[in-house]
Amino acid sequence: MAAQLLDGNVVAQGIKDAVAKEIEALKARGITPNLAAVQVGDNPESKMYIGMQKKNCESMGITYNLRPLPTDTAESGLIQYIEKLNEDKNVNGIILQMPLPQGINPRNIQRVISPRKDIEGVNPANMGMLFYGSQKIGPCTALSVMELLKSTGENLKGREAVVVGHSEIVGKPVAILLLQWLMDSPTVTVCHIATRDLELHVRRADILISAVGKPGLIKSEWIKEGSIIVLVGIKRMPDGTAHGDVDFEQASAKASWITPVKGGVGPVTTAILLRNTLEVTKRQLE
Ligand code: NAD
């Protein structure tokens, strides 16, 4: 069987089109969503992401304001800065660029970002809302996995979903979101670094979501025939190539659906960031 491509660019475009329509309507009312991007220090890794975020926001009609802070900013100073943004009526959304310099605990900052402006869904209140299942704002990559799965049109009810990776921004929220359909949910297993027999779990997976970032971790012979695979974990190599936790070509021969390494989860995550920005803006108008 040759898998169908779970094309992130197509899914992302659908989300962006819907967002653009709503932003147009807001603009007609004289409202332009305004996103403050807080960057502490000058990490070269975040530079590329900031450029992409800015381009995407501006193409959508969202104002993107980069707020650079010096590398030696103390945690208390950053907290005060975020508190001011929380109060600022001109700022609708806040995004915190990672990584933060050593000495600043991201959790202490995420906790301070107002849940009403938290477009990354990382504030504990927004994380907590995931348990209720009706949230619209949540960690962007986790929501992106859900959009990709929904786009297959497949019924996941009662099927075996295996999530590999249990981080706070991907693995854990994906597992919770997979349970949001209550009686229609798949059965969810979460594997992680301490899992004793990863092969055993992957072999059972009708839906495999791999979010580790270790190419070759999942052997293609473990892939169940007809499974749906979402590759979140990707490692970029020095030669410019990128590889998923499972080999794309080999897994494609067995899966029914699979995301490409490039143009899979990434573009949908960006589209969700825009949708979250729209969502917080709309809520502030209510
Ligand atoms: P993380 O380092 O916080 O978590 C990695 C997870 O992998 C951990 O939960 C750990 O338990 C698990 N793990 C490590 N070794 C394992 C092993 N041998 N067997 C089973 N599980 C193992 O990383 P993260 O932030 O969750 O990101 C994971 C991957 O997803 C990375 O490759 C990252 O680049 C990618 N990612 C992509 C996007 C996107 O939008 N495309 C966004 C976020 C993360």
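About the cut-offs
- Residues numbered from 1 in each chain as written.
- Predicted model: local features only at pLDDT ≥ 70, side-chain atom pairs only at ≥ 80, totals over all residues.
- Heavy atoms only, no water.
- Domains from an automatic or database assignment.
- Helix = DSSP H or I, 4+ residues; strand = E, 2+ residues; numbered from the N terminus.
- Patch = residues over 30% accessible without salt bridge, like charges linked within 9 Å, V, L, I, M, F, W, Y side chains within 5 Å.
- Areas by Shrake-Rupley, 256 points an atom, 1.4 Å probe, with all protein chains shown as cover.
- Salt bridge = Lys/Arg side-chain N within 4 Å of Asp/Glu carboxyl O.
- UniProt positions renumbered as here; feature names shortened; annotations may be inferred.
- Contact = heavy atoms within 4.5 Å.
- Buried < 20%, exposed > 50% of the residue type's maximum accessible area, 1.4 Å probe, protein only.
- Pairing = 2+ DSSP bridges.
- Axes fitted to C-alpha atoms, helices over the stretch in contact; angles between N-to-C directions.
- Near = heavy atom within 4 Å.
- Polar contact = N/O pair within 3.5 Å; in protein donor to acceptor, adjacent residues only side chain to side chain.
- Nonpolar A, V, L, I, M, F, W, Y, C, P; charged D, E, K, R; others polar.

**Some points on the domain arrangement of the chain**
Then, in step 1: Once the domains are mapped, the chain shows domain 1 (30–117) and domain 2 (139–266).
Then, in step 2: On a C-alpha basis, the centroid separation for the pair domain 1 and domain 2 is 29 Å.

**What to know about unusual backbone geometry**
Then, in step 1: In this structure, P99 follows M98 across a cis peptide bond, with omega equal to 0°.
Then, in step 2: With respect to the helices, strands and loops of the structure, P99 is situated in the loop between β4 (93–96) and α4 (106–110).
Then, in step 3: You will see that L182, though not glycine, has its phi angle at about 45°, which is positive.
Then, in step 4: Note on placement: L182 falls in the loop between α7 (171–178) and β6 (187–191).

**Quick notes on a nonpolar patch on the surface**
Then, in step 1: Together, M48, Y49 and M52 make up a nonpolar patch on the protein surface, roughly 290 Å² of accessible area in all.
Then, in step 2: Mapped onto the fold, M52 is located in helix α2 (residues 44–60).

**Thoughts on the UniProt feature "binding site: NADP(+)" (unreviewed entry) in the chain**
Then, in step 1: Sites flagged by UniProt as "binding site: NADP(+)" (unreviewed entry) map to G165, H166, S167, I193 and I234.
Then, in step 2: Examined against the element boundaries, H166 turns out to sit in the loop between β5 (160–164) and α7.
Then, in step 3: Apart from residues lying up to four places away in sequence, H166 is in contact with G171, K172, V190, C191 and H192.
Then, in step 4: Along the chain, the position of I193 falls in the loop between β6 and α8 (198–204).
Then, in step 5: For I193, a relative accessible area of 76% puts it in the exposed group.

**Comments concerning the UniProt feature "domain: Tetrahydrofolate dehydrogenase/cyclohydrolase NAD(P)-binding" (unreviewed entry) in the chain**
Then, in step 1: The UniProt entry lists residues 139–284 under the feature "domain: Tetrahydrofolate dehydrogenase/cyclohydrolase NAD(P)-binding" (unreviewed entry), expressed in the numbering used here.
Then, in step 2: Between the C-alpha atoms that bound residues 139–284 the distance is 19 Å, and the span itself is 36% helix and 18% strand.

**Looking at the sheet that holds strand β3 (residues 63–69)**
Then, in step 1: Spatially, the 3 strands line up as an open sheet ordered β3-β2-β4, and their pairing is parallel. Strand pairing shows two members of the sheet lacking a second neighbour, β3 and β4, which therefore form its edges. Each strand axis lies, on average, 20° off the axis of its neighbour in the sheet, ignoring direction.
Then, in step 2: Pairing of strand β2 (residues 34–40) with β3 involves 7 bridges; the strand directions are parallel. For A36, the partnering residue across the bridge sits in β3 and is N65.
Then, in step 3: Against the sheet, α2 engages β2, β3 and β4, with an angle of about 155° to β3.

**So, the site of the ligand**
Then, in step 1: Residues in close proximity to the ligand total 20 residues, the closest being H166, S167, I193, K214 and T269.
Then, in step 2: I193 has a polar backbone atom sitting 3.0 Å from an oxygen atom of the ligand.
Then, in step 3: In the complex, the protein chains occlude 69% of the 860 Å² of accessible area that the ligand would expose alone.
Then, in step 4: At 3 residues, the largest contribution of residues to the shell around the ligand is made by helix α10 (residues 265–285).
Then, in step 5: Its residues placed into classes, the shell around the ligand shows 10 nonpolar, 9 polar and 1 charged.

**What to know about the pattern of salt bridges**
Then, in step 1: Applying the stated rule across the entire model yields 12 salt bridges.
Then, in step 2: Its salt-bridge partner being E58, residue K54 comes within 2.9 Å of it at the nearest N-O pair. Of this pair, K54 and E58 both sit in helix α2, separated by 4 residues, roughly a single helical turn.
Then, in step 3: Salt bridges sharing partners connect three or more residues here, namely E22, E279, K282 and R283.

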